[in-house]
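Per-entry structural report
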Amino acid sequence: MIDPADYALWNSGVPRPYLKALSRDDLLAEADGVRVRDAGGRWYLDGRSGLWNVTLGYGNERVKEAIKQQVDRLPFANSYGYGRPAQVTVECAQTLVRHLPDGINHVRFASNGAQAVEMALQFSRFLRLRAGQPERMAVFAMWDGFHGQGPGAGMVTGVPYLHHQTGPMLPEVHHAPGPFAPGASDGVSDLERHITDFGPERVTAVIVEPVVGEGGHILSPEYLGSLARFCRRHDIHLVFDEVVTGMGRVGDFTRAGQLPDATPDIITLGKGITSGYVPMSAVAIHDRLYEQLHDRTTGETALSVGSTNDGHAVAAAAAIAVMGVLSEDGVLENVRQRESDLVAALGKVQAQHPELTAVRCLGLFCGLEFGEPGGPAWTPGQVNKLRMALESRGVLSSSLRVVPNLMLMPPLVVTQDDVAEIAGALDGAIGDVKAGRMPESGFARAMG
Ligand SMILES: Cc1ncc(COP(=O)(O)O)c(C=O)c1O
């Protein structure tokens, strides 16, 4: 066991029993391809890609080499304010916009998803103030939507306990049910109806994840198309939070790119943008918003929001390499093929175990629901047990507590055999939970 007293890394969101149960052997020590090894010597197939970000797996030669060369050549240059950005950062932005939907041609970089979300919304509000509309400040998001944590993004995330744990946060943020929420009456119009009731002329932006991370609920093309038309009609900025769906996870560079009838005004990206090798995120905006930055009288275009590491040269080099791999090495094609394999394999698991009540996959973004056949859904504790049972069978996954789901988010480079291994382990793990067999580690017990 790690002595809690010497557990200097005070990481977020874990209660003390977890820290107490964590042994030194549980810490991760090494990785290779899609697998990670813990300090105790056990290898796991990383079915959650780190934290859904290590999209190309560990040890991608092209990304590693790009990082090394950039560290040697120029590790940092200042992209903020009147600094001089690195060549590689500008090249990264140019490369990125080539992979985004038509019209989305301008990029800012940050370091994490929450910053990107906050920057997108600040930018939206900034344009309203510039246009003399100070009454148009409201932001709408969805209950159970996830957009990061912290005083801005944590308020936009539709998870109430985050709103109250530290007192007041970003004002003028509102939530509406998504089409997947229990009791949501009308898939197409719930969010639109809430905004209509509130007063669209007071709303600056709507932010949604095209596939909702809490459970993998896929917002349909019809839903998003209708929302995009609604936003255009009311001059509301539509923000797609593609921190998870972007950069290959759904089989294309963005989900927006797969939906020609639902082009957003702003896209946020993060996670897989550097395959998790170094921190980076991005906010990309449409030409029509970018043009509004230009004041015809003063020529002023500044929105003063940024941070030291925005557009970090090493991250930019990594992102260029990731985009090269995604566009040239057949990874996107692999995502589509492995999606079919995974859906077929999970169908077989479902035939064995009716407790697997729902499977939702788009690309390699999969949400699984569990419950007693014809009875109640499994509790977060039960889903957590399943995650631990799966882990003891050698496959890492994510379990969600707010909406109990098991998420399978494997690296985009998994093979057919890897997918079969994930499904086989899941089959065994569900059997373990049903039979009350639990792994023997203190770690697993603390998680239960
Ligand atoms: C859709 C979405 N947006 C934003 C974020 C926040 O990203 P970060 O954790 O890098 O701040 C997350 C994180 O999981 C996310 O899933």
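This one's a predicted model, so the numbers in the text were calculated from it and none came from an experiment.

What follows is about the nonpolar core. By size, the foremost hydrophobic cluster in this structure holds 94 residues, and its most contacted members are L191 and V206. In terms of residue count, helix 11 (residues 313–328) provides more of this core than any other element does, 13 residues in total. Setting aside chain neighbours within four positions, we find L191 in contact with F140, A141, M142, A176, P177, V206, V208, Y223 and L227. Of all hydrophobic cores here, the second largest spans 27 residues; its members include A110, V139, I207 and V283.

Bring the parts together and some accessible area is lost; that lost area is often taken as the interface size. Under the domain assignment used here, the protein contains domain 1 (4–60 + 330–447) and domain 2 (62–328). Computed over C-alpha atoms, the centres of domain 1 and domain 2 are 27 Å apart. Domain 1 puts 32 residues into the contact, and the matching count from domain 2 is 34 residues. Surface buried jointly by domain 1 and domain 2 totals about 2700 Å² across both partners, of which 60% is contributed by carbon and sulfur atoms. Together, N60, L362 and F365 form the three largest contributors to the area buried by domain 1 at its contact with domain 2, with a combined 26%. On the surface where domain 1 and domain 2 come into contact, there are 1 salt bridge. Across the salt bridge formed by D252 and R336, the nearest N and O atoms sit 3.7 Å from each other. Summed over the shared surface of domain 1 and domain 2, the result is 14 residue pairs in polar contact (both at pLDDT 80 or more). Ranked by residues supplied to the side of domain 1 that touches domain 2, first place goes to helix 12 (residues 331–352) with 4 residues. Tallied by class, the residues present in the side of domain 1 that touches domain 2 amount to 19 nonpolar, 10 polar and 3 charged.

Taking 1.5 Å per residue, 22 residues should reach 32 Å; helix 12 reaches 31 Å between its end C-alpha atoms and fits that length. Turning to helix 12, its buried residues are V331, L332, N334, V335, R338, E339, D341, L342, A345, L346 and V349. Buried positions along helix 12 lie against helix 11, strand 13 (356–362), strand 14 (365–370), strand 17 (405–408) and helix 14 (416–434).

So, on to the sheet that holds strand 15 (residues 395–396). Across the sheet, which stays open at both edges, the 4 strands sit in the order 1-2-3-15 with mixed pairing between neighbours. Edge positions in the sheet fall to strand 1 (28–32) and strand 15, since each has one partner strand and no second. Sheet analysis places strand 2 (residues 35–38) next to strand 3 (residues 43–46), joined by 3 bridges and oriented antiparallel. The residue of strand 3 that forms the bridge with R37 is W43.

Attention now goes to the state of the cysteines. A full pass over the atoms with the stated rule returns 1 disulfide. A sulfur-sulfur separation of 2.0 Å characterises the disulfide bridge that pairs C361 with C366. Classification of the bridge connecting C361 and C366 rests on its S-S torsion, roughly 115 degrees, and on that basis the disulfide is right-handed. Summarising the burial analysis for this pair, C361 and C366 share the class buried.

Cut-offs applied
Every residue gets a number counted from 1 within its own chain, in the order that chain's sequence is written. Reporting of local features is limited, given that this is a predicted model, to residues whose pLDDT is at least 70; pairs of side-chain atoms are given and counted only at 80 or more, and all residues count toward the totals for whole chains, interfaces and linings. Just so you know, side-chain values use all the structure's heavy atoms and leave hydrogens and water out. We call a set of buried residues a nonpolar core when its members are Ala, Val, Leu, Ile, Met, Phe, Trp, Tyr or Cys and they connect through side-chain atoms within 4.5 Å of each other. Only protein chains enter the area calculation, which uses a 1.4 Å probe; residues under 20% of their type maximum are buried, those over 50% are exposed, and those in between are partly exposed. The helix and strand labels rest on DSSP assignments: H or I over at least four residues marks a helix, E over at least two residues marks a strand, and numbering proceeds from the N terminus. Any two residues whose heavy atoms approach within 4.5 Å are treated as being in contact. Where each domain starts and ends follows an automatic or database-derived domain assignment. Two parts placed together each lose some accessible area under a 1.4 Å probe, and adding up what both lose gives the buried area. Just to be clear on terms, a salt bridge is a Lys or Arg side-chain nitrogen sitting within 4 Å of an Asp or Glu carboxyl oxygen. Here a polar contact is recorded for every N or O atom pair within 3.5 Å, except that within protein the pair must consist of a potential hydrogen donor and a potential acceptor, and residues adjacent in sequence are included only if both atoms are side-chain atoms. Amino acids are sorted into nonpolar (Ala, Val, Leu, Ile, Met, Phe, Trp, Tyr, Cys and Pro), charged (Asp, Glu, Lys and Arg) and polar (every other residue, Gly among them). Here the expected span of a helix is defined as 1.5 Å times the quantity of residues minus one. Strand pairing is assigned whenever DSSP detects at least two bridges linking the two strands. In this description, a disulfide is simply a cysteine sulfur pair whose atoms lie within 2.5 Å.

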